[in-house]
Amino acid sequence: MRVLEERDLPIERIGAFASRSRPGAVYFRGVALDVEPASPERLRDFDVVFFAGGEDASETLVPALEKRGVVVIDNSATFRMRDGVPLLIPEVNAGAVRAEHRLFPVGNCTAIILCTALAPIRDLAGLRRVHVASYQAVSGAGRDALDAFDRGEGAVVRNVVPKIGELDANGESGEERKVRDETRKMLGLPELELSALCVRVPVRTAHSEAVFFETERSTSLAELAAAFERASSIVFHRSGIVTPREVEGTDEVHVARLRPTDASGHRFSLFCVGDQLRKGAATNAVQILELLLEKGLVR
Ligand SMILES: NC(=O)c1ccc[n+]([C@@H]2O[C@H](COP(=O)([O-])OP(=O)(O)OC[C@H]3O[C@@H](n4cnc5c(N)ncnc54)[C@H](OP(=O)(O)O)[C@@H]3O)[C@@H](O)[C@H]2O)c1
């Protein structure tokens with residue numbers, strides 16, 4: 001709601017919903033709103049409904065809205081990999097949207113930050129292979145996890161935890177699978193070789209990622225740096241470093257430590273950081289609505 005307010009969208013009526021009611025709990029344009037329990041009946045008269053309630057809320061509430069032609073922008077993982085459903089980062093794959101689309105999942109936060117950083121490389125020199133290790137903030141696990149962290153409780157206090165989601169029979173975590181599959185979908189590179197290792201770290205907000213990549217065509221540090229400098233969604237740090245603390249609360253993905261890892265002209269590494277509550281979730285969700293308004297797909 002704060003991002004909607006900041007970006008000044010043409011909103012006539014807004015409602016706030018959760019699993020239970022909380023009178024006057026949230027503000028929009030200075031007015032206190034009651035949070036109401038969500039139900040299909042209460043949601044179906046809105047033109048656009050944003051979801052950030054987890055899998056259960058989306059599975060239960062989205063189908064009825066879809067049938068009525070309501071535009072749904074959904075932060076949960078429920079519909080992201082469904083065929084025929086676009087997974088949009090407006091700066092990366094705006095062309096994937098069609099007039100008939102009504103359901104717009106928002107990708108995994110780590111994947112959105114990764115794709116935003118990789119898109120200029122894809123466009124400049126193509127991408128053959130990506131390896132990424134993430135350093136993910138505690139707020140990525142939701143309000144309860146953040147509150148526990150602030151009380152000094154939980155496994156991530158003074159620690160790093162190399163497991164986000166359940167491990168499957170191959171030892172891959174749920175988060176690692178999402179990063180791989182969704183990155184391929186959002187970059188439009190279904191064959192991209194990609195492996196991820198996702199780690200929770202004791203940082204409140206903003207996910208960091210160490211990325212090692214190989215390009216299809218030969219390129220140079222100077223060409224890559226120029227591509228990052230041209231990208232509106234990226235703050236490129238030609239020298240020095242960037243850390244989550246500086247990035248918290250911002251909408252861009254920061255890229256630093258760009259360098260070749262050998263003399264081939266194909267292999268490089270970088271460090272990127274983005275606020276996963278904003279660019280990795282809320283900002284990207286609102287940008288999707290802006291894109292739909294721009295294309296005349298929502299009135
Ligand atoms: N945190 C992140 O960095 C991040 C980034 C990208 C995407 N996401 C995704 O966004 C979603 C929300 O994550 P979060 O971190 O914001 O979680 P959260 O802090 O736990 O908040 C979940 C919210 O959803 C509401 N909710 C839960 N079940 C509901 C239901 N059945 N009907 C209506 N409302 C319901 C809760 O309401 P009550 O408080 O009333 O229970 C609460 O307001 C998840 O799908 C998550 O994967 C999170």
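Since the structure is predicted, the reported quantities are computational estimates derived from the model, not experimental observations.

### Observations concerning the domain arrangement of the protein
Stage number 1. Considered domain by domain, the protein is made up of domain 1 (2-106 + 281-294) and domain 2 (109-276).
Stage number 2. For domain 1 versus domain 2, the separation of C-alpha centres amounts to 25 Å.
Stage number 3. Residue-level contacts link eleven residues of domain 1 with 16 residues of domain 2.
Stage number 4. At the level of elements, α4 (90-93) and α10 (278-294) are the ones that each hand at least two residues to the side of domain 1 that touches domain 2.
Stage number 5. Counted by class, the side of domain 1 that touches domain 2 contains six nonpolar, three polar and two charged residues.

### Regarding the pairing of strand β9 (residues 207-215)
Stage number 1. Note: strand β7 (residues 127-136) against β9, eight bridges, orientation antiparallel. Residue pairing across strands places leucine 127 opposite threonine 215, the latter belonging to β9.
Stage number 2. With eight bridges joining them, β9 and strand β12 (residues 267-274) adopt antiparallel strand pairing. Within β12, the position partnered with glutamate 209 by the bridge is cysteine 272.

### Some thoughts on the sheet that holds strand β8 (residues 193-200)
Stage number 1. One open sheet accounts for six strands, arranged β8-β7-β9-β12-β11-β10; its pairing is mixed. Single-partner strands in this sheet number two, and they are β8 and β10 (234-236). Within the sheet, the average angular offset between the axes of one strand and its neighbour, ignoring direction, is 20°.
Stage number 2. Most of the contacts of helix α5 (residues 109-125) go to β9, to which it runs at about 30°, and overall it touches β7, β8, β9, β10, β11 (253-260) and β12.
Stage number 3. Seen against the sheet, helix α7 (residues 174-187) touches β7 and β8 and runs at an angle of roughly 140° to β8.

### Re the nonpolar core
Stage number 1. Counting residues in each nonpolar core, the largest one holds 72 residues, and the members touching the most others are Ile73, Cys115, Ala117 and Leu118.
Stage number 2. In terms of residues, this core owes the most to one element, α5, which gives eleven residues.
Stage number 3. When residues of this core are assigned to domains, at least three fall in each of domain 1 (2-106 + 281-294) and domain 2 (109-276).
Stage number 4. What alanine 117 contacts, discounting residues up to four positions off in sequence, is Val211, Ile234, Val253, Val255, Leu270 and Cys272.

### Things to note about the environment of phenylalanine 51
Stage number 1. Along the chain, phenylalanine 51 turns up in strand β4 (residues 48-51).
Stage number 2. On the basis of neighbour counts, which here come to 23 C-beta atoms within 10 Å, the residue phenylalanine 51 falls in the buried class.
Stage number 3. Linking phenylalanine 51 and aspartate 74, residues 23 residues apart in sequence, is a C-alpha distance of 4.6 Å.
Stage number 4. The residues touching phenylalanine 51, leaving out its near neighbours within four places in the chain, are Ala57, Ser58, Val62, Val72, Asp74, Asn75 and Ser76.

### Describing the site of the ligand
Stage number 1. Around the ligand, the surrounding shell holds 21 residues, and the nearest of these are Ala18, Gly53, Ala57, Gly142 and Arg143.
Stage number 2. Where the shell around the ligand is concerned, the elements lending two or more residues are α3 (54-68), α6 (143-150) and α10.
Stage number 3. Per-element accounting of the shell around the ligand gives the leading share, three residues, to α3.
Stage number 4. Tallied by class, residues from the shell around the ligand come to seven nonpolar, ten polar and four charged.
Stage number 5. Mapped onto the domain boundaries, the shell around the ligand takes at least three residues apiece from domain 1 (2-106 + 281-294) and domain 2 (109-276).

### Looking at the confidence of the model for the protein
Stage number 1. Residues with a pLDDT of 70 or more make up 100% of the protein, whose mean pLDDT is 97.
Stage number 2. No element of the protein has a lower mean pLDDT than helix α2 (residues 40-43), at 94, and none a higher one than β9, at 99.

### A few points about the sheet that holds β4
Stage number 1. Pairing is parallel in the open sheet, where three strands are placed in the order β4-β5-β6. Two strands close off the open sheet at either side, each with one partner strand: β4 and β6 (103-105). Each neighbouring strand pair of the sheet contributes to a mean axis angle of 15°, computed without reference to strand direction.
Stage number 2. Both β4 and strand β5 (residues 71-74) contribute to a ladder of four bridges, which runs parallel. Its bridge partner lying in β5, phenylalanine 51 is registered against aspartate 74.
Stage number 3. Each of β4, β5 and β6 touches α10; the most contacted strand, β5, lies at about 150° to it.

### Quick word on the packing of α5 against α10
Stage number 1. α10 packs onto α5 with a crossing angle of 85° between their chain directions and a minimal axis gap of 8 Å. Our classification of the angle between α5 and α10 gives roughly perpendicular. Between α5, through Cys109, Ile112, Ile113 and Thr116, and α10, the contact on the second element is made entirely by Lys279, Gly280, Ala281 and Asn284.
Stage number 2. The residue makeup of the contact of α5 with α10, split by class, is four nonpolar, three polar and one charged.

Definitions and limits used
Residues numbered from 1 in each chain as written. Predicted model: local features only at pLDDT ≥ 70, side-chain atom pairs only at ≥ 80, totals over all residues. Domains from an automatic or database assignment. Contact = placed C-beta atoms within 7 Å. Helix = DSSP H or I, 4+ residues; strand = E, 2+ residues; numbered from the N terminus. Nonpolar A, V, L, I, M, F, W, Y, C, P; charged D, E, K, R; others polar. Pairing = 2+ DSSP bridges. Axes fitted to C-alpha atoms, helices over the stretch in contact; angles between N-to-C directions. Core = buried A, V, L, I, M, F, W, Y, C linked by C-beta atoms within 7 Å. Buried ≥ 20, exposed ≤ 12 C-beta atoms within 10 Å, placed from the backbone. Near = placed C-beta within 6 Å. pLDDT = per-residue confidence, 0-100. Parallel < 35°, antiparallel > 145°, perpendicular 65-115°, else oblique.

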